[in-house]
Amino acid sequence: MGGLARAIFSNWRFQMAVNLADLKAEVRVLHDHEDSLLARKLAAAQIFVESRIGRKFDDFEDGVPAALDEAVLKIAAHLYEYRGVASEKALTAIPEGLTALINIYRRWTVHSTGCRSDGA
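What counts, and where the lines are drawn
Residues numbered from 1 in each chain as written. Predicted model: local features only at pLDDT ≥ 70, side-chain atom pairs only at ≥ 80, totals over all residues. Heavy atoms only, no water. Helix = DSSP H or I, 4+ residues; strand = E, 2+ residues; numbered from the N terminus. Buried < 20%, exposed > 50% of the residue type's maximum accessible area, 1.4 Å probe, protein only. Contact = heavy atoms within 4.5 Å. Salt bridge = Lys/Arg side-chain N within 4 Å of Asp/Glu carboxyl O. Axes fitted to C-alpha atoms, helices over the stretch in contact; angles between N-to-C directions. Parallel < 35°, antiparallel > 145°, perpendicular 65-115°, else oblique. Nonpolar A, V, L, I, M, F, W, Y, C, P; charged D, E, K, R; others polar. Phe/Tyr/Trp six-rings, centres within 6.5 Å; stacked < 30°, edge-to-face > 60°.

Honestly, the overall build of the protein chain in this entry has me stumped. Any pointers?
Along the protein chain, the regular secondary structure elements total 5 helices and 2 strands. Listing each helix as α and each strand as β along the protein chain from the N terminus yields α-α-α-α-α-β-β. A burial count over the protein chain gives 37% of its 120 residues as buried. Once local pairs closer than 6 in sequence are excluded, the contacts in the protein chain between residues at least 24 apart make up 64%.

Whenever I open this one, the pattern of salt bridges confuses me. Can you help?
Pairs can form between side chains of opposite charge whenever their charged atoms are close. All chains considered together, the criterion is met by 5 salt bridges. Among the salt bridges present, the one from Glu70 reaches Lys74, with a minimum N-O distance of 3.4 Å. One end of the pair is Glu70 and the other is Lys74, both in helix H4 (residues 66-81) and 4 residues apart, which spans about a single turn. Salt bridges sharing partners connect three or more residues here, namely Lys24, Asp32 and Asp35.

Explain the packing of helix H2 (residues 20-27) against helix H3 (residues 35-53) here, please?
For any two helices packed against each other, the geometry comes down to the angle between their axes and how far apart the axes lie. Between H2 and H3, the least distance of the axes is 10 Å, while the angle of their chain directions is 100°. One way to sum up the angle between H2 and H3 is to call them roughly perpendicular. In this structure, H2 contributes Leu20, Leu23, Lys24 and Val27 to the contact, and H3 contributes Asp35, Leu38, Ala39 and Leu42. In terms of residue class, the contact of H2 with H3 is made up of 6 nonpolar, no polar and 2 charged.

Teacher, can you tell me more about the environment of Ala76 here?
The topology assignment puts Ala76 in helix H4. Taking relative accessible area as the criterion, Ala76 reaches 0% and is therefore assigned buried. In this structure the C-alpha to C-alpha distance between Ala76 and Arg40, which are 36 residues apart in sequence, comes to 8.6 Å. Here Ala76 is in contact with Leu23, Lys41, Leu42 and Ala45, once residues within four sequence places are set aside.

Can you walk me through unusual backbone geometry in this structure?
Excluding glycine, residues mostly have negative phi values, and the peptide bonds linking residues are mostly trans. Positioned with a positive phi, Arg28 is a non-glycine residue whose angle comes to about 60°. With respect to the helices, strands and loops of the structure, Arg28 is situated in the loop between H2 and H3.

Would you mind going over the packing of aromatic side chains with me for this structure?
The relative placement of two aromatic rings is captured by the distance of their centres and the angle of their planes. Across all of its chains, the model carries 2 aromatic pairs by this definition. Ring geometry for Phe60 versus Tyr105: centroids 6.3 Å apart, planes at 80°, classification edge-to-face. Pair noted here: Phe60 is in the loop between H3 and H4 and Tyr105 is in the loop between helix H5 (96-103) and strand S1 (108-111), with a separation of 45 residues, a long-range link. Overall, the relative accessible area of 11% leaves Phe60 in the buried class. Through successive ring pairs, a cluster of aromatic residues spans Phe57, Phe60 and Tyr105.

Right, here's the structure in full:
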């Protein structure tokens with residue numbers, strides 16, 4: 001792991017669901033040249049999932065559920081594969097199947113106006 005990627009991981013205040021090696025295997029990257037880029041995609045994916053479920057991964061007493069690990073991994077891979085800002089595919093939304101995995105763990109509250117999610 002490169003120096004910048006190591007710095008990104010060591011400065012995180014939250015538990016990682018998956019690691020850089022998992023993501024590199026998922027996107028089939030065999031070199032270390034893009035470790036920093038991949039680490040940023042992994043961080044962004046975890047932050048996205050945490051914001052959608054309305055809580056931090058550290059809140060799970062028995063560890064992060066496998067479905068959320070998989071969602072983080074797939075979203076990070078998606079962000080990596082569609083990273084070109086000028087590309088139309090870069091604007092592709094997170095695949096809907098991943099949203100379904102995430103929503104299982106989403107916190108919901110009931111208000112007088114109905115049920116709503118605490119996540120974004």
